[in-house]
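This is what each chain is made of:
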Amino acid sequence: QVQLVESGGGLVQAGGSLTLSCAASGRTFTNYHMAWFRRTPGKEREFVARISSTGANTEYADFVKGRFTISRDNAGNTVLLQMNSLKAEDTAVYYCAATRWAVRSPPGYAYWGLGTQVTVSS
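Residues numbered from 1 in each chain as written. Predicted model: local features only at pLDDT ≥ 70, side-chain atom pairs only at ≥ 80, totals over all residues. Heavy atoms only, no water.

Asks: So what exactly am I meant to see when it comes to the pairing of strand β3 (residues 18-26) here?
Replies: Bridge count for strand β1 (residues 2-7) against β3 is six bridges, and the pairing is antiparallel. Across the sheet, Val5 pairs through a bridge with Ala23, a residue of β3. Pairing geometry for β3 and strand β8 (residues 78-83), over six bridges, is antiparallel. In the sheet register, Thr19 faces β8, and the bridge partner there is Gln82. (Pairing = 2+ DSSP bridges. Helix = DSSP H or I, 4+ residues; strand = E, 2+ residues; numbered from the N terminus.)

Here it is as C-alpha cells:
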C-alpha cells in the first residue's frame with residue numbers, strides 16, 4: 001500500500017500562485033510514477049500533470065502548460081505541484097496519485113490521496 005496526503009490548497013486570487021504538496025508513505029516511493037489530477041463538481045476527474053519515478057520525465061495537460069510545474073523529492077518522498085498564473089477555471093479539488101506505469105488515465109492509478117481544495121477567485 002501507498003498512502004498519499006495532499007496539502008497546500010486554499011483560496012487565492014486570479015493571477016496568484018499556490019504550491020501543492022503530496023507526502024507519500026508505505027512502499028518504495030521511487031518505484032512509482034506520480035501524478036496530479038483534479039475534479040470539479042459534475043465533471044470527471046481530469047489529468048493535470050505527471051512525473052516519472054526518477055523525475056526525469058514530466059507531462060502536462062495542455063490547459064496547464066507553462067503555468068504549472070510538477071517535481072518530486074525522492075529523498076523526502078514528496079511530490080510538488082507549483083501553480084502560477086492561476087485562473088478561476090483552475091478551481092477544483094486536486095488529487096495526488098501513484099502508479100507503477102507511465103500512464104495518464106485515472107484507472108491506471110492504484111493509489112490516491114483524499115484531495116485538497118483549490119479555489120481561485122476572479
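Asks: Help me out: how do you make sense of the pairing of strand β4 (residues 33-39) in this one?
Replies: The two faces of a sheet get side chains in turn, since along a regular strand they alternate between them. Counting buried residues in β4 gives six out of seven residues, a clear majority hidden from the surface. When β4 meets strand β9 (residues 92-99), the two strands line up antiparallel, connected through seven bridges. Within β9, the residue paired with Met34 across the bridge is Ala98. By the bridge criterion, five bridges tie β4 to strand β5 (residues 46-51) in an arrangement that is antiparallel. The partner of Arg38 across the bridge, within β5, is Glu46. Two successive antiparallel strands, β4 and β5, enclose a turn made up of six residues, where Gly42 displays a positive phi of approximately 85°. (Buried < 20%, exposed > 50% of the residue type's maximum accessible area, 1.4 Å probe, protein only.)

The values reported here are purely geometric and, on their own, carry no functional implication.
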